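Structural characterization, general
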Amino acid sequence: MFCQNCGKEFEGNFCPDCGTPAQRAETVDQWKAPVVPEETQTPVMEETEAPSPDLSEPRMQEAKDPAGDPVIEPTYTTGGVTLEPPQMPQGQVPPQIPIGSQTPQQWSYASGQPTQFPGDPTQPIGQQPPKKKHTGLIVGCAVGGGVLILVIVILLVVSFTNSLKDAVQDQMLNGDYDYYEDYSEPDVWEDTEPDVDVNEPIDEGTTSAYPGLPEGDYTVYKSGMYKVGDTMPAGEYLLLANDEWSNSGYYEVTSDTTGELDSIIVNDNFDNRGFVQVEEGTYINLQRCVAIPVDEVPPYEAENGYYPEGTYRVGIDIPAGEYTLSPIDSDISGYYELREDASGDWDKIISNKNFDGEFFLTIKDGQYFTLSLAEIKGE
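So, here's what we can say about the structure. (Residues numbered from 1 in each chain as written. Predicted model: local features only at pLDDT ≥ 70, side-chain atom pairs only at ≥ 80, totals over all residues. Heavy atoms only, no water.)

**Brief notes about the packing of aromatic side chains**
Under the defined criterion, the tally for this structure stands at eight aromatic pairs. Between F275 and Y368, the ring centres sit 5.7 Å apart and the planes meet at 70 degrees, which makes this aromatic pair edge-to-face. Separated by 93 residues along the polypeptide, F275 in strand β13 (residues 273-278) and Y368 in strand β21 (residues 368-372) bring together distant segments of the chain. For F275, a relative accessible area of 8% corresponds to the buried category. In this structure Y368 comes out as buried when scored by relative accessible area, which is 11%. Relative to F359, the ring of F355 lies with its centre 5.2 Å away and its plane at 20 degrees, an arrangement referred to as stacked. Linked through ring pairs, Y221, Y226 and Y237 together constitute an aromatic cluster. (Phe/Tyr/Trp six-rings, centres within 6.5 Å; stacked < 30°, edge-to-face > 60°. Helix = DSSP H or I, 4+ residues; strand = E, 2+ residues; numbered from the N terminus. Buried < 20%, exposed > 50% of the residue type's maximum accessible area, 1.4 Å probe, protein only.)

Given below as structure tokens:
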């Protein structure tokens, strides 16, 4: 015979491998329906001759009720232990359970459906429960990483912006930038320390180093700050730039020495040469330039009709008439300005304009004519 648990063929009452008690083949081969009264109208299964033992079929054993009638009850065997389910109601046939199933079941008389044996796990035998998904942890890590990257990007942008700002300021302070009209307070460059008291006029003897000014003896006020009417007489002065790098100068006239913006009367950056008129009680600050009283300055002498950047007195330094103005650099616009006097007051501006290419302009006697990034070419 064959063991109903492990399938080994053996002789005797117990399986030598697993110890399962031997059962007769004719009693465990298949289900036999119980006798059902005729009034239930339930068809009764006919008994058939038991075939040879089939280990894939559930094993059955024969039993009798108190009246002596045969009762067929299913017997489930797992691991050498025989499980006896409760009796089935008349007219119902429990399902067949293959031997060795990992999910042994019993029949529920109340619902007519198979249920788990009491005490069995909710999952099939030998199968691990599904692993928990750490969705919250993954989402938290992703959000944290995104925030960290955003903070790094913001820090890099701020650092780059500050570096760019510092570079631009440094470039402007060194004068290495394209020309443009700036009506705000200009930057002030520190000049070298003079070898004499800047508050006293200096007689330099020869001034041939300044463009357009012939050799001679002049009263020269070097870079520094002067009190008009005390260390410097009131009046009109010619300003000559002495910056060997940019050939530009700066001056500032103030009403007091507080340093506040409201105290500035007039200020300007100029190229080569310019003019300023100061009144008693004011203060003038000269940077990268010198000042010479205009009554000591001879008229400008142009070479072959050429006038470079600077300011000229129409009728004294340059004749009145029509002129052709040209930008010095074809890629940068030129600029001209006509004023009524040398006071520097914006209300005294007659006309001014940025231009590209050749530009025609008529100037009149008594005007102050300024060229910046532009020139007048002679015949």
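**Concerning the pairing of strand β11 (residues 248-254)**
With seven of its seven residues buried, β11 lies for the most part within the structure. Side chains of β11 alternate between two faces, with S248, Y250, E252 and T254 and G249, Y251 and V253 buried alike. Summarising the sheet, β11 and strand β12 (residues 264-271) pair through seven bridges and their orientation is antiparallel. The residue bridging E252 from the neighbouring strand is N267, located in β12. (Pairing = 2+ DSSP bridges.)

**A word on the sheet that holds strand β15 (residues 289-293)**
Read from one edge to the other, the open sheet built from three strands follows the order β13-β10-β15, with strand pairing classed as antiparallel. Edge positions in the sheet fall to β13 and β15, since each has one partner strand and no second. Across the sheet, the axes of successive neighbouring strands diverge by a mean angle of 30 degrees, strand direction being ignored. (Axes fitted to C-alpha atoms, helices over the stretch in contact; angles between N-to-C directions.)

**Details of the nonpolar core**
Of all hydrophobic cores here, the largest spans 17 residues; its most connected members are Y251, V276, I284 and L286. Top contributing element to this core by residue count: strand β10 (residues 235-241), with three residues. (Core = buried A, V, L, I, M, F, W, Y, C linked by side-chain atoms within 4.5 Å.)

**Quick word on the sheet that holds strand β14 (residues 283-287)**
Overall, antiparallel pairing links the four strands, which are arranged β9-β14-β11-β12 in an open sheet. One side of each edge strand has no neighbouring strand; the edge strands of this open sheet are β9 (224-227) and β12. Taking the axes of each pair of neighbouring strands and ignoring which way they run, one obtains an average angle of 15 degrees across the sheet. By the bridge criterion, five bridges tie β11 to β14 in an arrangement that is antiparallel. Paired with V253 across the two strands is I284, which belongs to β14.

**As for the side chain of N267**
If you trace the backbone, N267 turns up in strand β12. Under the relative-accessibility criterion, N267 is labelled buried at 16%. For N267, the side chain forms a polar contact with the side chain of Y250, separated by 3.4 Å. (Polar contact = N/O pair within 3.5 Å; in protein donor to acceptor, adjacent residues only side chain to side chain.)

**Quick notes on the pattern of salt bridges**
All chains considered together, the criterion is met by three salt bridges. With its nearest N and O atoms 3.4 Å apart, the salt bridge here joins R273 to D317. Here D317 lies in the loop between β16 (310-313) and β17 (321-327) and R273 lies in strand β13, a separation of 44 residues in the sequence. Accessibility classification places R273 together with D317 in one group, the buried group. Here D317 and R313 are joined by a salt bridge, their closest N and O atoms 2.9 Å apart. Accessibility assignment for this pair places D317 and R313 in one class, buried. Via salt bridges that share partners, R273, R313 and D317 belong to a single interconnected network. (Salt bridge = Lys/Arg side-chain N within 4 Å of Asp/Glu carboxyl O.)

**Things to note about a nonpolar patch on the surface**
Judged by side-chain polarity, V139, V143, V147, V151 and L155 come together as a nonpolar surface patch covering roughly 440 Å² of accessible area. Residue classification places V139 among the partly exposed residues on the basis of a relative accessible area of 49%. (Patch = residues over 30% accessible without salt bridge, like charges linked within 9 Å, V, L, I, M, F, W, Y side chains within 5 Å. Areas by Shrake-Rupley, 256 points an atom, 1.4 Å probe, with all protein chains shown as cover.)

**With respect to the environment of T219**
The residue T219 is located in strand β8 (residues 219-220) in this model. By relative accessible area, T219 is classed as partly exposed at 25%. Considered as a pair, T219 and A291 are 72 residues apart in the sequence and their alpha carbons are 8.3 Å apart.

**Structural notes on the environment of D356**
Counting through the fold element by element, D356 comes out in the loop between β19 (349-355) and β20 (359-363). Since its relative accessible area comes to 59%, D356 is described here as exposed. Once you skip the residues sitting within four places of it in the chain, D356 turns out to touch P327, I332 and S333. (Contact = heavy atoms within 4.5 Å.)

**A closer look at the pairing of β16**
Side-chain alternation along β16 places G310 and Y312 on one buried face and T311 and R313 on a second face that is also buried. Direction of pairing for β16 relative to β21: antiparallel, over a ladder of four bridges. Across the sheet, the residue bridging to G310 is L371, located in β21.

**Details of unusual backbone geometry**
Phi at N304 is positive, roughly 55 degrees, even though this residue is not glycine. Summarising the element assignment, N304 is placed in the loop between β15 and β16. A positive phi angle is found at L373, which is not glycine, with a value near 55 degrees. You can see L373 is positioned in the loop between β21 and β22 (374-376).

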